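Now for the letters of each chain:
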Amino acid sequence: MRFGTRELLFVLLLLAMPGAAWWFVFQPANEQIEHARAEIQTKQEKLNQLESATRQIDDLGAEIDRLAEAVAMFEDKLPAQKDVDVVLKDVWQLAARHGLKPSSVRADRTVQSTRYSELPLRMVIVGDFDGFYSFLLDLERLSRITRIPEMKLVKQLRDGDGQMEAVFTLNIFFEPRTGDDGLAIR
């Protein structure tokens, strides 16, 4: 058999066929397969996140119900705006029961919020420290929501041992009523 240029060209063509197949067929197919695997991995991660979130939805529903009950309980402790005078009267009587003399009460500007309002009352009470401490304990036990954000105690030397003057702000929380002009305290 004679081996010439035609045969050499034929052998080179036969050897180039697998290289061309790899370059034009297998290489793009491998890239597509790799891209598909990466996309599957991404979708699998999102599916796992969705599954985790779905498991938490039941827990969130129970948590929302629990928090809604807590909000309802606190709203039950909020007096109506017209009942703030009653809360102030209760505080006044509580002070008198512990032998304290409220010397002044001044209502500051009402602070509005979406679900409640807050009325700061600047109070000055004079009396025995033990009575004041008992007053604070009973104030804490009131069924209404109150807060004392600031307080200043001054010992009074002229009235004997244990006598003091308390200057504090008592915040009373209440449900705002639309159409109500104000409180009788002002």
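This text goes with the structure placed above it.
Let us look at the structure shown here.

Calculation notes
Residues numbered from 1 in each chain as written. Predicted model: local features only at pLDDT ≥ 70, side-chain atom pairs only at ≥ 80, totals over all residues. Heavy atoms only, no water. Core = buried A, V, L, I, M, F, W, Y, C linked by side-chain atoms within 4.5 Å. Buried < 20%, exposed > 50% of the residue type's maximum accessible area, 1.4 Å probe, protein only. Helix = DSSP H or I, 4+ residues; strand = E, 2+ residues; numbered from the N terminus. Polar contact = N/O pair within 3.5 Å; in protein donor to acceptor, adjacent residues only side chain to side chain. Contact = heavy atoms within 4.5 Å. Phe/Tyr/Trp six-rings, centres within 6.5 Å; stacked < 30°, edge-to-face > 60°. Salt bridge = Lys/Arg side-chain N within 4 Å of Asp/Glu carboxyl O. Patch = residues over 30% accessible without salt bridge, like charges linked within 9 Å, V, L, I, M, F, W, Y side chains within 5 Å. Areas by Shrake-Rupley, 256 points an atom, 1.4 Å probe, with all protein chains shown as cover.

## What about the nonpolar core?
Counting residues in each nonpolar core, the largest one holds 19 residues, and the members touching the most others are Met-123, Ile-125, Phe-132, Phe-135, Phe-168 and Leu-170. Elements represented by at least two residues in this core include exactly helix 2 (84-97), strand 3 (117-128), helix 3 (129-140) and strand 5 (163-174).

## Some words on the side chain of Glu-118
Position of Glu-118 relative to the elements: it lies in strand 3. The exposure class assigned to Glu-118 is buried, which follows from its relative accessible area of 10%. A polar contact of 2.8 Å, which involves the side chain of Glu-118, links it to the side chain of Arg-147. Sequence-distant contacts of Glu-118, that is, excluding residues within four places in its chain, are made with Arg-109, Thr-110, Val-111, Arg-147, Asn-171, Ile-172, Phe-173 and Phe-174.

## Overview of the packing of aromatic side chains
One pass over the full model with this rule turns up four aromatic pairs. Ring centres of Phe-132 and Phe-168 lie 6.0 Å apart, and the angle between their planes is 55 degrees; this geometry places the pair in the tilted category. Taken together, the positions of Phe-132 in helix 3 and Phe-168 in strand 5 put the pair 36 residues apart, joining distant regions of the chain. The class of Phe-132 is buried, set by a relative accessible area of 1%. Between Phe-135 and Phe-168 the ring centres are 6.4 Å apart and the planes differ by 50 degrees, which places this aromatic pair in the tilted class. Of the two residues, Phe-135 is situated in helix 3 and Phe-168 in strand 5; the sequence distance between them amounts to 33 residues.

## Some details on the pattern of salt bridges
Under the definition given, this model contains five salt bridges. The shortest N-O distance in the salt bridge between Glu-39 and Lys-43 comes to 3.4 Å. You can see Glu-39 and its partner Lys-43 sitting in helix 1 (residues 5-77), four residues apart, about one turn around the helix. Asp-108 is the salt-bridge partner of Arg-106, the closest N and O atoms lying 2.8 Å from each other. A relative accessible area of 48% means that Arg-106 is categorised as partly exposed. Note on Asp-108: relative accessible area 24%, which makes it partly exposed.

## What about the environment of Gly-127?
Residue position: Gly-127 is located in strand 3. Its relative accessible area of 5% is what places Gly-127 among the buried residues. Separated by 29 residues in the primary sequence, Gly-127 and His-98 have C-alpha atoms spaced 8.8 Å apart. In contact with Gly-127, not counting residues within four places along its chain, are Gly-99, Leu-100, Gly-162, Gln-163 and Met-164.

## Quick notes on a nonpolar patch on the surface
On the surface, Phe-3, Leu-8, Phe-10, Val-11, Leu-12, Leu-14 and Leu-15 cluster together into a nonpolar patch covering about 720 Å² of accessible area. Structurally, the position occupied by Leu-15 is in helix 1. The exposure class assigned to Leu-15 is exposed, which follows from its relative accessible area of 62%.

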